Amino acid sequence: MAGKALWSGRFAAGMDDSTLKFTSSLDVDAALAFYDVMGSLAHVRMLKTCAVIPAADADLIAKGLRSLAKQLRDGTFEMDETLEDIHTNIEVKLTAMIGPAGGKLHTGRSRNDQVATDFKMYLRDAALNAVEAIDRLIAALQNVAKTNRDTILPGYTHMQHAQPVTLAQHMLAHAFRLGRDADRFLDAYERLNKCPLGAAALAGTTYHIDRKMTSDLLGFRDPTENSMDSVASRDYATELAFDAAMTAVSLSSLCEELILWSSQEFRFIEMDDRYSTGSSIMPQKKNPDIAELTRGKTGGVIGAVVSMLVMTKGLPLSYNRDLQEDKRPVMDALTTMTDCANMMAKVVSTIKVDESHMFEATNAGFINATDLADYLVTKGVPFREAHGIVGETVRFCIANKVTLDSLTLDQFRKFSPLIDEDVFTAIAVKNCVDRRDSYGGTSPASTDVELTLSLSDLVRREEDVRVKDQLVKGCWEKLFRE
Ligand code: ARG
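The model shown is predicted, which means the values in this text are computed figures rather than measured ones. Along each chain, numbering runs from 1 in the same order as the chain's sequence is written. Reporting of local features is limited, given that this is a predicted model, to residues whose pLDDT is at least 70; pairs of side-chain atoms are given and counted only at 80 or more, and all residues count toward the totals for whole chains, interfaces and linings. Water and hydrogen atoms were dropped before computing side-chain values, which therefore reflect all heavy atoms in the structure.

Draft legend 1. Highlighting helix α14 (residues 369-378). To sort residues, take the accessible area from a 1.4 Å probe on protein chains only and compare it with the maximum for the residue type: under 20% means buried, over 50% means exposed, and anything in between is partly exposed. Starting at the N terminus, helices and strands are each numbered in turn, a helix being any DSSP run of H or I of at least four residues and a strand any DSSP run of E of at least two. Here α14 has its buried residues at Ala369, Asp371, Leu372, Ala373, Tyr375 and Leu376. In this analysis, two residues are considered to be in contact whenever any of their non-hydrogen atoms come within 4.5 Å of each other. Residues of α14 that are buried sit in contact with α15 (383-400), α16 (409-415), α17 (423-426) and α18 (429-434). Looking at the residues trailing α14, positive phi occurs at Gly380, about 100°.

Structure representation (structure tokens):
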């Protein structure tokens, strides 16, 4: 495989094969092909409007680019591996198709601004895909919440029984956390949505181009403000890698719980057969592999953020070839995280909840101890003192292997004479839950409010994604048509 270059004038000898192999980015940036053609279509339209190149040449180029776009769409575009990247592949194909006019496409731009533009367009779509996948999972969590408004299970802190909660409250906790993860992608989208095209190599160009026009044609909000920053910075890619990592961490934490919950020790849930795997040796096993893999893939996703930060930390302005190493980790991180969220949406929407097991579990661990203390407070005991009294009561229960609810009134009164018959209602687990009706609390009345908020959050995001996606798709259509 001998390397071919379009810009060999400066060189007496051709590139060594090993140099081509080492420097080529085609295996990764082939994924940018469609965006590269769209970017070129916008660029050539602008060059024509600004009379930078003759209209006839521009029309010829646009026609050629459109047919390359069609080839890409129906899978007939063949990559030439002797060319080092996707930009060169497309320009060479174009010129082979339409002749020397193809050489005018690269007027007033460079691969430096071109690759930044392509990558940003790719990332816009990837960000929206990520949001949609996260929202699918959130919808699944909301559904579990909806049908389990009164399902009670132990709530934990330090992995110890703390206070009883509902499954609705538990699922919505994950939903709100993931909702912020999704919002982070949309925030990042706004920041990245400025067009670097026309920054050229680093300093702008002598041609009288219209950067606002290319920016509009490609659905960006505005052109980037500084040509050097345009080709040198990758903060937008790093930010999305972080957003993916943060989401992966949220997913991983959810997975960890679902894995525990499906163990024989908990038996809170059972995962659907379609989303579980078996063991090659132990016939009784049903393994939560999707959740485990999602938890496991988190490491790689987090790695992308580290790669990006370390890769860019020592770079002087402006473009440096190091930057070519930005795509693989960030593309991988976004794809992996999106796959995980999509799979977890299926897992969550098909879990079988064992309500009675969940409730039974609240019997162990004195989960209503806080409620006994709160009860004493209603009888006028200062909370600190109540805490001490209940502590002693619990110690007695542990020594005698009984639960709080099974104590007789006489036994209770040994710890405080203020305790009455009404203590039994006060510490009944269901009542403990119902009484926590503060804003954001675990009572069914509170979680009804939470669910409404979570649902409207989802609607807002769906609308945001739809508007953003349509704007970009509208641009592609226009570029195809005109
Ligand atoms: N493959 C390169 C990248 O991903 C494209 C830009 C190359 N520019 C250059 N001056 N060699 O960054």
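Following the structure, the description resumes.
Draft legend 2. Structural detail: α15. The first and last C-alpha atoms of α15 sit 25 Å apart over 18 residues, in line with the 26 Å expected at 1.5 Å per residue. Every buried residue belonging to α15 is among Ala386, Ile389, Val390, Thr393, Val394 and Cys397, and all of these are buried. Angularly, the buried residues of α15 cover 140° about the axis, an arc narrow enough to put them on a single face. The exposed residues of α15 that point more than 90 degrees off its buried face are Arg384, Arg395, Ile398 and Ala399. Where α15 is buried, its residues touch α14 and α16. By this rule, a helix spans an expected 1.5 Å times one less than how many residues it contains. Think of the arc as the fan of directions from the helix axis to the C-beta atoms.

Draft legend 3. Highlighting the packing of aromatic side chains. Aromatic rings from Phe, Tyr and Trp, taking only the six-membered ring of Trp, are treated as a pair when their centres fall within 6.5 Å; an angle between ring planes under 30 degrees marks them as stacked, one over 60 as edge-to-face, and anything in between as tilted. Inspection of the entire model under this criterion finds 10 aromatic pairs. Here Phe34 and Tyr35 contribute two aromatic rings whose centre-to-centre distance is 5.7 Å and whose plane-to-plane angle is 80°, an arrangement assigned as edge-to-face. Residues Tyr35 and Tyr122 carry aromatic rings whose centres are separated by 6.1 Å and whose planes lie at 80° to one another, so their mutual orientation is edge-to-face. Here Tyr35 is found in helix α3 (residues 33-49), whereas its partner Tyr122 is found in helix α6 (residues 111-147), with 87 residues between them in sequence. A relative accessible area of 11% places Tyr35 in the buried class. Overall, Tyr122 belongs to the buried group, its relative accessible area being 15%. Here a set of aromatic residues connected by ring pairs shows up, and it is made of Phe34, Tyr35, Phe119, Tyr122 and Trp476. Note that Lys327 overlies the ring of Phe119, its terminal NZ or CZ placed 5.7 Å from the centroid. Counting as a charge over the ring demands two things of the Lys NZ or Arg CZ atom: a distance within 6 Å of the ring centre and an angle within 35 degrees of the ring normal.

Draft legend 4. Up close: the site of the ligand. In this text, near means that some heavy atom of the residue lies within 4 Å of the molecule or strand in question. As a matter of local geometry, the ligand sits amid Ser25, Asp29, His87, Arg111, Asn112, Val115, Tyr319, Arg321, Gln324 and Lys327. For the ligand, an oxygen atom lies 2.5 Å from a polar atom in the side chain of Tyr319. Pairs of N or O atoms are called polar contacts if they sit within 3.5 Å, as long as, within protein, a hydrogen donor faces a hydrogen acceptor (for residues adjacent in sequence, only side-chain-to-side-chain pairs). The contact in question runs from a nitrogen atom of the ligand to an N or O atom on the side chain of Gln324, over 2.7 Å. In these tables, accessible area is a Shrake-Rupley quantity obtained with a 1.4 Å probe, and a residue counts as shielded only by the protein chains included in the view. Coverage of the ligand by the protein amounts to 88% of the 340 Å² it exposes when considered alone. Counted by class, the shell around the ligand contains two nonpolar, four polar and four charged residues. Just so you know the grouping, Ala, Val, Leu, Ile, Met, Phe, Trp, Tyr, Cys and Pro go in nonpolar, Asp, Glu, Lys and Arg go in charged, and all remaining residues, Gly too, go in polar.

Draft legend 5. Main features of the state of the cysteines. When two cysteine sulfur atoms lie within 2.5 Å, the pair is treated as a disulfide. Counted by the stated rule, this structure contains zero disulfides. Free of any disulfide, Cys195 has its nearest cysteine sulfur in Cys475, 11 Å distant. Judged by its relative accessible area of 0%, Cys195 falls in the buried class. For Cys255, which is in no disulfide, the shortest distance to another cysteine sulfur is to Cys340 and amounts to 7.5 Å. A residue is classified by how much of its surface remains accessible, and Cys255, at 0% relative accessible area, is buried.

Draft legend 6. The arrangement of a nonpolar patch on the surface in detail. A cluster of nonpolar side chains, Val249, Ile302, Val306, Leu309 and Val310, forms an exposed patch at the surface whose accessible area comes to about 410 Å². If one sorts the elements of the nonpolar patch by residue count, helix α11 (residues 289-313) sits on top with four residues. Tracing the backbone through its elements, the reader meets Val306 in helix α11. A residue counts toward a patch only above 30% relative accessible area and without a salt bridge, and it is joined to like-charged neighbours within 9 Å or, for Val, Leu, Ile, Met, Phe, Trp and Tyr, to nonpolar neighbours within 5 Å. Salt-bridge detection follows one rule: a side-chain nitrogen of Lys or Arg within 4 Å of a carboxyl oxygen of Asp or Glu.

Draft legend 7. Structural context of the packing of α6 against helix α19 (residues 444-481). Direction vectors running N to C along α6 and α19 enclose 155°, while the axes themselves pass 10 Å from each other. Accordingly, the angle class assigned to the pair α6 and α19 is roughly antiparallel. With respect to the hand of their crossing, α6 and α19 are arranged in left-handed fashion. Contacts from Met121, Arg124, Asp125, Leu128, Val131, Glu132, Asp135, Ile138, Ala139, Gln142 and Lys146 in α6 reach Leu451, Ser454, Leu455, Leu458, Arg461, Val465, Lys468, Asp469, Val472 and Trp476 in α19. Angles shown run from 0 to 180 degrees and are taken between the N-to-C directions of axes, each axis being a line fitted to C-alpha atoms and, for helices, limited to the stretch in contact. Angle categories are assigned with fixed cut-offs, so that under 35 degrees is roughly parallel, over 145 is roughly antiparallel, 65 to 115 is roughly perpendicular, and the rest are oblique. In this scheme, a crossing is called left-handed if the near helix is turned counterclockwise away from the far one by less than a right angle; it is called right-handed if the turn is clockwise.

Draft legend 8. Quick look at the pattern of salt bridges. Evaluated as defined, the whole model comprises 36 salt bridges. A salt bridge links Asp216 to Lys212; the nearest nitrogen and oxygen atoms lie 3.2 Å apart. On the criterion of helical spacing, the pair formed by Asp216 and Lys212 is a turn pair, its members being four residues apart in helix α8 (residues 211-217). Judged by relative accessible area, Lys212 falls into the partly exposed class, the value being 37%.

Draft legend 9. Structural detail: unusual backbone geometry. The amide bond that connects Leu317 to the next residue, Ser318, takes the cis arrangement and shows omega of 0°. By the element assignment, Ser318 lies in the loop between α11 and α12 (327-349). Non-glycine residue His158 carries a positive phi angle of around 55°. The residue His158 is located in the loop between β1 (152-157) and β2 (160-166) in this model. With relative accessibility at 73%, the residue His158 sits in the exposed group.

Draft legend 10. Just the pairing of β1, in detail. In short, DSSP must find at least two bridges between two strands for them to pair. As judged from the six bridges shared by β1 and β2, these two strands associate in the antiparallel manner. Within the sheet, the bridge partner assigned to Tyr156 lies in β2 and is His161. Hairpin geometry of β1 and β2 is characterised by an intervening segment of two residues between the two adjacent antiparallel strands and by a positive phi of about 55° at His158.

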